[in-house]
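# Coordinate analysis (summary)
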Amino acid sequence: MKKAFVLLSLALVLLLSGCGHSVKRVDADTQMDLSGYWNDTDLRKASEYLIKECLGTPRLTTYQTTNGRLPVIIVGRFRNNSDEHIDTSILSQRLEASILSSGKAEFVVSGDLRDEVRAERLDQQQGYTDDATMARIGRETGADFMMTGSVKTIVDSYDKTATRSYFITAELTDITTNRRLWIGEYNEIKKVIRRPSVKP
């Protein structure tokens, strides 16, 4: 009985040790393509290119000189028009953060965050907040331009081989006139994926 218990315990230990997984920490800039789908390397390359293009456009760099102040931008929708799940909010946030850090533009919040800020402002009008520190209604900064964009894919496949090409665009549009201030496109991501044949 005791021998059987020892053998059962040993078998259980071996079984559990075989079910474990390993984790290896790598540098954040390490390029890794496991599935062939959109990944952090693609995000980094696309955002770096688009940020450089946007910050270099003469219409943005001369805006402060012409108008006496920095342009104010609001982030609109970054659409995922690809055939896979892509969180485009990461791309738009990276663009926003980099342009804001450059000192060449100001941003105002949009979407759900704007609703939260407005709710807090309204709450401060209920008589609980000191008048000296209360946020005033009607003082929001209006945006001059809206930043939008999209991610699209073209997939071509034959037999066990497929290619995935990505096209990432970003635009700045004048909210008053609907004129485009800038359009940038990054189309340097193309992957060849070969699937192994399934053996019978």
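Everything that follows concerns the structure shown earlier in this document.
This text gives an overview of the structure that appears in the document. These figures come from a predicted structure and were not determined experimentally. (Residues numbered from 1 in each chain as written. Predicted model: local features only at pLDDT ≥ 70, side-chain atom pairs only at ≥ 80, totals over all residues. Heavy atoms only, no water.)

## Description of the sheet that holds strand β1 (residues 72-81)
Here is the rule we go by: Each pair of strands is called paired provided DSSP finds at least two bridges between the two strands. Helical segments are the DSSP runs of H or I of at least four residues, strand segments are the runs of E of at least two, and each set is numbered from the N terminus. Only the stretch in contact is used when fitting a helix axis, every axis being a line fitted to C-alpha atoms; angles between N-to-C directions are given from 0 to 180 degrees. In what follows, a contact means two residues having at least one pair of non-hydrogen atoms within 4.5 Å.
Spatial ordering of the open sheet is given by β2-β1-β3-β4-β5, a layout of five strands whose pairing is mixed. Edge positions in the sheet fall to β2 (106-108) and β5 (180-194), since each of these pairs with one other strand and no more. Averaged over all pairs of adjacent strands, the angle between strand axes in this sheet comes to 25°, irrespective of strand direction. Pairing between β1 and β2: three bridges, direction parallel. Bridging from a neighbouring strand, Ile74 pairs with Val108 of β2. Along the sheet, helix α2 (residues 40-56) contacts β4 (161-174) and β5; its crossing angle with β5, the most-contacted strand, is approximately 155°.

## Observations regarding the nonpolar core
One recurring pattern in soluble globular proteins: nonpolar side chains tend to sit buried together. For clarity, the cut-off: Note on terminology: a nonpolar core comprises buried Ala, Val, Leu, Ile, Met, Phe, Trp, Tyr and Cys residues joined through side-chain atoms within 4.5 Å. To sort residues, take the accessible area from a 1.4 Å probe on protein chains only and compare it with the maximum for the residue type: under 20% means buried, over 50% means exposed, and anything in between is partly exposed.
In terms of nonpolar packing, the biggest core is built from 29 residues, with Trp38, Leu95, Ile168 and Leu172 touching the most fellow members. Of all the elements in the fold, those that place two or more residues in this core are α2, β1, α5 (88-102), β3 (145-158), β4 and β5. Sorting elements by how many residues they give to this core places α2 first, with six residues.

## A word on the environment of Lys104
Stated formally: A 3.5 Å cut-off defines polar contacts: any pair of N or O atoms within that distance qualifies, except that in protein one atom must be a possible hydrogen donor and the other a possible acceptor, and neighbouring residues in sequence count only when both atoms are side-chain atoms.
Inspection of the secondary structure puts Lys104 in the loop between α5 and β2. The partly exposed category is assigned to Lys104, whose relative accessible area is 32%. Apart from residues no more than four positions distant in its own chain, Lys104 is found in contact with Leu55, Leu60, Thr61, Leu70, Pro71 and Ile99. A distance of 3.3 Å separates a polar side-chain atom of Lys104 from the backbone oxygen of Leu55.

## A few points about unusual backbone geometry
With phi around 55°, Asp159 is a residue other than glycine that occupies positive phi space. Position of Asp159 relative to the elements: it lies in the loop between β3 and β4. A positive phi is found at Asn178, a non-glycine position, where the angle reads about 70°. Among the secondary structure elements, Asn178 is positioned in the loop between β4 and β5.

## Here we look at the pattern of salt bridges
Put simply, the test is: Between Lys or Arg on one side and Asp or Glu on the other, a salt bridge is scored when a side-chain nitrogen of the former is within 4 Å of a carboxyl oxygen of the latter.
With the rule as written, the count across this model stands at six salt bridges. Between Asp144 and Arg69 there is a salt bridge; the shortest N-O distance is 2.8 Å. Within this pair, whereas Asp144 is found in the loop between α6 (111-123) and β3, its partner Arg69 is found in the loop between α4 (63-67) and β1, the two being separated by 75 residues in sequence. Here the residues in one salt-bridge network are Asp83, Glu84 and Arg164, joined through shared partners.

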